[in-house]
Amino acid sequence: GATEFGETLLVLLGVRLVSPGWSLYFHLGETERKCFIEEIPDETMVFGNYRTQLFDKQREEYLPATPGLGMFVEVKDPDEKVILSRQYGSEGRFTFTSHTPGEHQICLHSNSTKFSLFARGMLRVHLDIQVGEHANDYAAIAAKDKLSELQLRVRQLLEQIEQIQKEQNYQRWREERFRQTSESTNQRVLWWSIIQTLILVAIGVWQMRHLKSFFEAKKLV
C-alpha cells in the first residue's frame, strides 16, 4: 500500500503525454514508491524506457545498477483498473495502450527481495516516456514493411492526424465532464439557497407566533 512503500505521488503539471514525450530522473529509497499521473486520450499507445543507477560510495558517483536489481512497474487507468503490472530488470522497456481517457497512474518501485543491493544507498531512475505516434520506431517499421522515404513520411503524417483527432476528442470529453460538473454544482447551490430561504422563512414565522403568544400571555395585545 501507500504506507508500506512510502509512496510519493508526483503530478507533472504542464506536461502532457500527448506531446512528443518527456524525460526525467528521480531517486528511490529502499522502500519507496513513486508515481506519475498523466492525462492520456483513449486508444493511445504509451512507451516507457528506464534505466537505473546505484550510488557508489567509493567513487562517489552513480554507476549502472547490477542486473539482479529489478523494477516493478504498475499502471492504472482512471477507473483504478490495473492495465500493466510487471517486474523488469535494472533497465527495461514497457508499453501499454489506454482504453479510457483521463488520468493514468504510472508507478515504479524496486523489487522487495533485493534490498541488500542498495547498501542503504539511493537508486537513481532515468525515465523516458513517449506517446502516440512518437512511440513508434519508424526506422524498424520502414525496414519491416519495405517502405520508401515518401511512404514512411505519409504514414507518419496519417498517424499524427489520427493522434490529433484523439486529442481533440479527449478535449471535448473533458469539456463535457466540466460542463456536467458545473451544472451539477450550480444545481446543488440553487437547492441549498432554496433550503436556506425556507429555513429562514420557517424561523421567522415561528418567531412571530412565539412573540404573539408571549404578548398575549402578558396581555399586551
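Everything quoted here is computed from the prediction, not taken from an experiment.

Cut-offs applied
Residues numbered from 1 in each chain as written. Predicted model: local features only at pLDDT ≥ 70, side-chain atom pairs only at ≥ 80, totals over all residues. Heavy atoms only, no water. Helix = DSSP H or I, 4+ residues; strand = E, 2+ residues; numbered from the N terminus. Polar contact = N/O pair within 3.5 Å; in protein donor to acceptor, adjacent residues only side chain to side chain. UniProt positions renumbered as here; feature names shortened; annotations may be inferred. Salt bridge = Lys/Arg side-chain N within 4 Å of Asp/Glu carboxyl O. Buried < 20%, exposed > 50% of the residue type's maximum accessible area, 1.4 Å probe, protein only. Phe/Tyr/Trp six-rings, centres within 6.5 Å; stacked < 30°, edge-to-face > 60°. Pairing = 2+ DSSP bridges.

Visitor: Outline the environment of Y62, listing residues and values.
Guide: Relative to the helices and strands, Y62 resides in strand β5 (residues 61–64). Engagement of the side chain of Y62 in a polar contact is seen with the side chain of H27, the distance being 3.4 Å.

Visitor: Let's hear about the UniProt feature "transmembrane region" (unreviewed entry) in the chain: which residues, and what values?
Guide: In this numbering, the UniProt entry assigns the feature "transmembrane region" (unreviewed entry) to residues 189–208. Between the end C-alpha atoms of residues 189–208 there is a gap of 28 Å, over a span that is 100% helix and 0% strand.

Visitor: Give a description of the pattern of salt bridges that names residues and reports values.
Guide: Summed over all chains, the structure comprises five salt bridges. E80 serves as the salt-bridge partner of K76, at 3.9 Å between the closest nitrogen and oxygen. For E80, a relative accessible area of 52% puts it in the exposed group. A salt bridge links E183 to R179; the nearest nitrogen and oxygen atoms lie 2.6 Å apart. Separated by four residues within a single helix, E183 and R179 lie in helix α2 (residues 149–217), roughly one turn from each other. One salt-bridge network, held together by shared partners, links E176, R179 and E183.

Visitor: Can you break down the packing of aromatic side chains residue by residue, with the values?
Guide: For the structure shown, the criterion picks out three aromatic pairs. With a centroid separation of 6.4 Å and an interplanar angle of 80°, the aromatic rings of Y50 and Y88 are classed as edge-to-face. Here Y50 is found in strand β4 (residues 45–56), whereas its partner Y88 is found in strand β7 (residues 82–88), with 38 residues between them in sequence. The two residues Y50 and Y88 agree in class, both being buried. Relative to F94, the ring of Y88 has its centre 6.4 Å away and its plane inclined at 50°; by these criteria the two rings are tilted. Here Y88 matches F94 in class, with each residue buried.

Visitor: Pulling in residues and values, what's your account of unusual backbone geometry?
Guide: A positive phi angle, near 50°, is found at E43, a position not held by glycine. Residue position: E43 is located in the loop between β3 (33–40) and β4. One non-glycine residue, E80, lies in the positive phi region at around 65°. As for its placement among the helices and strands, E80 is situated in the loop between β6 (71–76) and β7.

Visitor: How would you sum up the pairing of β6? Please name residues and give values.
Guide: With five of six residues buried, β6 lies mostly within the body of the structure. The pairing of β6 with β7 spans six bridges and is antiparallel. Paired with F72 across the strands is Q87, a residue of β7. Sheet topology places β6 next to strand β9 (residues 102–110); six bridges connect them, and they run antiparallel. Within β9, the residue paired with E74 across the bridge is C107.

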